[in-house]
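Survey of secondary and tertiary structure
What follows is each chain in one-letter form.
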Amino acid sequence: TKSGTNDFHGNVYEYLQNNATDARSLLQPAPQANIFRQNQFGATLGGPIKKDKTFFFVNYEELHQPSDVTRNNRTILNPAAMAGDYSYVSGGVTHTINVLQLAAANGQQGSIDPLVAKMMADIRGAVAGGSLQDIDPNLQRFAFNVPVQSMRRYPTFRLDYNLTDRHRASFAYN
């Protein structure tokens, strides 16, 4: 950490990187914008409390990095599977069987339980804010972006006291 001096010195600074100020990377396909955003700013001030004896230095910095984090780890049934139509591959041929009809033919309940049907409808309604990708005949992967706000603060303070010409006592806080 810097130390104060017999003169007052300070500065203010800022570093900004966002879609409006950045060029597209050579490796980034057009027209996709740069998604990295960062705003880092702060100020410093140092000087004497008592000339040649006691000095101070303070610094404050903030770092903001908002971003979208893509989540790809949600797997759900596709609409056909939710309706009871399950597909499987055998001998290179895809077959579909309605398990509700199969259950009814064997004396079991041939309809979806109302509570389960509501839960599946709620799941289907919740995926409207993302994208779906088929990963097998019965399943889809749900991907969505989660906005994340990262803010860090870095305060720094230092106090120096000259006991003699050769000895100094210091206190610092980071």
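Notes on the structure in this doc start here. In this text the structure is predicted, and so the values were computed from the model without any measurement.

For the rest of this paragraph, the subject is the overall build of the protein chain. A tally of helices and strands in the protein chain yields 3 helices and 10 strands. Listed N to C, the secondary structure of the protein chain is β-β-β-β-α-β-β-α-α-β-β-β-β in terms of helices and strands. Counting the 174 residues in the protein chain, one finds 23% classified as buried. In the protein chain, the proportion of contacts linking residues at least 24 apart, taken out of those at least 6 apart, comes to 59%.

Looking now at the pairing of strand β9 (residues 151-162). Two elements, strand β3 (residues 54-64) and β9, share 11 bridges in a ladder whose sense is antiparallel. Counted as the bridge partner of Tyr60 is Pro155 from β9. Taken together, the 6 bridges between β9 and strand β10 (residues 168-173) define a ladder with antiparallel strand orientation. Looking at the pairing, Leu159 lines up with Phe171 of β10. Hairpin connection between β9 and β10: a loop of 5 residues separates the two successive antiparallel strands.

For the rest of this paragraph, the subject is the packing of aromatic side chains. Enumeration over the complete set of coordinates arrives at 2 aromatic pairs. Between Phe8 and Phe56, the ring centres sit 6.2 Å apart and the planes meet at 55°, which makes this aromatic pair tilted. In this pair, Phe8 sits in the segment before β1 (9-17) while Phe56 sits in strand β3, placing the two residues 48 residues apart along the sequence. Judged by its relative accessible area of 56%, Phe8 is exposed.

Right, let's talk about a nonpolar patch on the surface for a bit. On the surface, a nonpolar cluster with roughly 320 Å² of combined accessible area is contributed by Tyr88, Ile97, Val99 and Leu102. Take Tyr88: it is sitting in strand β5 (residues 85-90).

Another point: the pattern of salt bridges. Here the structure, examined in full by the defined rule, presents 4 salt bridges. A salt bridge links Glu62 to Arg153; its shortest N-O distance comes to 3.2 Å. Linking Glu62 in strand β3 with Arg153 in strand β9, this pair joins segments that are 91 residues apart in sequence. Salt-bridge contacts for Asp160 lead to Arg168; the nearest nitrogen and oxygen are separated by 4.0 Å. On the basis of relative accessibility, which here comes to 1%, the residue Asp160 falls in the buried class. For Arg168, a relative accessible area of 45% translates into the label partly exposed. One network of salt bridges, in which partners are shared, links Arg158, Asp160 and Arg168.

This part is about the environment of Gln38. You can see Gln38 is positioned in strand β2 (residues 38-50). The buried category is assigned to Gln38, whose relative accessible area is 13%. As a C-alpha pair, Gln38 and Ser67 span 29 residues in sequence and 9.0 Å in three-dimensional space. If we skip the residues at most four places from it in the chain, Gln38 touches Tyr15, Leu16, Gln17, Leu63, His64 and Gln65.

What follows covers the sheet that holds β1. Taken in spatial order, the 5 strands make up an open sheet running β1-β2-β3-β9-β10, and their pairing is antiparallel. What marks the edges here is a single partner per strand, and that holds for β1 and β10. Looking at each pair of strands side by side, their axes are set apart by 10° on average, direction ignored.

The rules behind each value
- Residues numbered from 1 in each chain as written.
- Predicted model: local features only at pLDDT ≥ 70, side-chain atom pairs only at ≥ 80, totals over all residues.
- Heavy atoms only, no water.
- Helix = DSSP H or I, 4+ residues; strand = E, 2+ residues; numbered from the N terminus.
- Buried < 20%, exposed > 50% of the residue type's maximum accessible area, 1.4 Å probe, protein only.
- Contact = heavy atoms within 4.5 Å.
- Pairing = 2+ DSSP bridges.
- Phe/Tyr/Trp six-rings, centres within 6.5 Å; stacked < 30°, edge-to-face > 60°.
- Patch = residues over 30% accessible without salt bridge, like charges linked within 9 Å, V, L, I, M, F, W, Y side chains within 5 Å.
- Areas by Shrake-Rupley, 256 points an atom, 1.4 Å probe, with all protein chains shown as cover.
- Salt bridge = Lys/Arg side-chain N within 4 Å of Asp/Glu carboxyl O.
- Axes fitted to C-alpha atoms, helices over the stretch in contact; angles between N-to-C directions.

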